[in-house]
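The chain contents come next:
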Amino acid sequence: MTTETDIANLALAVLDEAPIALISDDNTAARLANRHFAQTRKAELAKHEWAFALASDSVTGSDTGTGDGTLDWSYTIPSNVLRITAITYDGEPRGIPINWRQKGTVILSDQEGPLKLLTVKDVTDPTNWSPLFTEVFVAALAIKMALPLTHKSGMIDVAKAAYQTAITEATRANARLAGMYNDALWSAQRGDNRFWRA
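Enquirer: Could you clarify how one ought to interpret the sheet that holds strand β5 (residues 100-103) in this entry?
Expert: The pairing of strands in a sheet happens through backbone hydrogen bonds and is either parallel or antiparallel. The strand order β2-β3-β6-β5 describes an open sheet built from 4 strands, whose pairing is antiparallel. Because the sheet does not close on itself, it has two edges, and the strands there are β2 (61-63) and β5. Here the strands of the sheet are splayed against their neighbours by 25° on average, with no regard to which way each runs. When β2 meets strand β3 (residues 73-76), the two strands line up antiparallel, connected through 3 bridges. Its bridge partner being in β3, S62 is matched across the sheet by S74.

Have a look at this one:
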């Protein structure tokens, strides 16, 4: 079973630093890893459509009373959702899109639910991460830790180079990165078909 400590030690190895016993230890390396771990995980998961983090959700909503022809239905986004990638009638990523907008933690739509969402979830257990994501996360964490831990600006460059290599390999392996979407497809998934009009 892969632990947060294992992942932190991989990041420390990128920086040529000694491993820690536990990420909860009271030393500089452990404190830095612990401080940045959750935020870095959420950020890297949200940036791309990692296949292991994709999930389908069905949410029910309430009528806001604004009337027909408006986004009169309100739906609360599940708390473990980092990003909505599509909302379609059948819940499939290439399905027929519905009209929707996100406002904070709420989805507004003109469709009575339940809504079928395709989302990126916050996968907290490193055991469930793909090897490609693990490499990306390790390098991203190393970037955050590099300067305050080593006091060497050159180690930031080392970590950034590791990150770029990891992202490039993930893209080549078709890890369903968000950058693969073009403007027309992304707009269509949001119910905006203007890009398809001649």
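Enquirer: Whenever I open this one, the confidence of the model for the protein confuses me. Can you help?
Expert: The share of residues in the protein with pLDDT of 70 or more is 87%, and the mean pLDDT across the chain is 88. For the protein, the element scoring lowest by mean pLDDT is helix α5 (residues 183-189), at 50; helix α1 (residues 4-14) scores highest, at 98. The model gives residues 175-184 a pLDDT under 50, and that stretch makes 28 contacts with residues more than four places away or in other chains.

Enquirer: In this structure, what is going on with the packing of α1 against helix α2 (residues 28-47)? I would like to understand it.
Expert: The relative placement of two packed helices is expressed as an angle between their axes plus a distance between the axes. Between α1 and α2, the shortest axis-to-axis distance is 10 Å and the interhelical angle comes to 110°. Here α2 runs roughly perpendicular to α1, going by the angle between their axes. α2 is crossed by α1, and the crossing has right-handed handedness. Facing E4, I7, A8 and L12 of α1, the residues of α2 in contact are A29, A33 and F37.

Enquirer: Before we go on, may I ask you to explain helix α3 (residues 131-150) in this structure?
Expert: Since the α-helix packs 3.6 residues into each turn, any two residues three or four apart lie on the same face. The terminal C-alpha atoms of α3, which comprises 20 residues, lie 26 Å apart, in line with the 28 Å expected from a rise of 1.5 Å per residue. Where α3 bends most, at K144, the angle is about 35°, and the proline P148 comes one to four residues later. Positive phi appears at H151, one or two residues downstream of α3, with a value of about 60°.

The rules behind each value
- Residues numbered from 1 in each chain as written.
- Predicted model: local features only at pLDDT ≥ 70, side-chain atom pairs only at ≥ 80, totals over all residues.
- Heavy atoms only, no water.
- Pairing = 2+ DSSP bridges.
- Helix = DSSP H or I, 4+ residues; strand = E, 2+ residues; numbered from the N terminus.
- Axes fitted to C-alpha atoms, helices over the stretch in contact; angles between N-to-C directions.
- pLDDT = per-residue confidence, 0-100.
- Contact = heavy atoms within 4.5 Å.
- Parallel < 35°, antiparallel > 145°, perpendicular 65-115°, else oblique.
- Left-handed = near helix turned anticlockwise from the far one by under 90°.
- Expected span 1.5 Å × (residues − 1).
- Bend = angle between axes of the 7 residues up to and from the residue.

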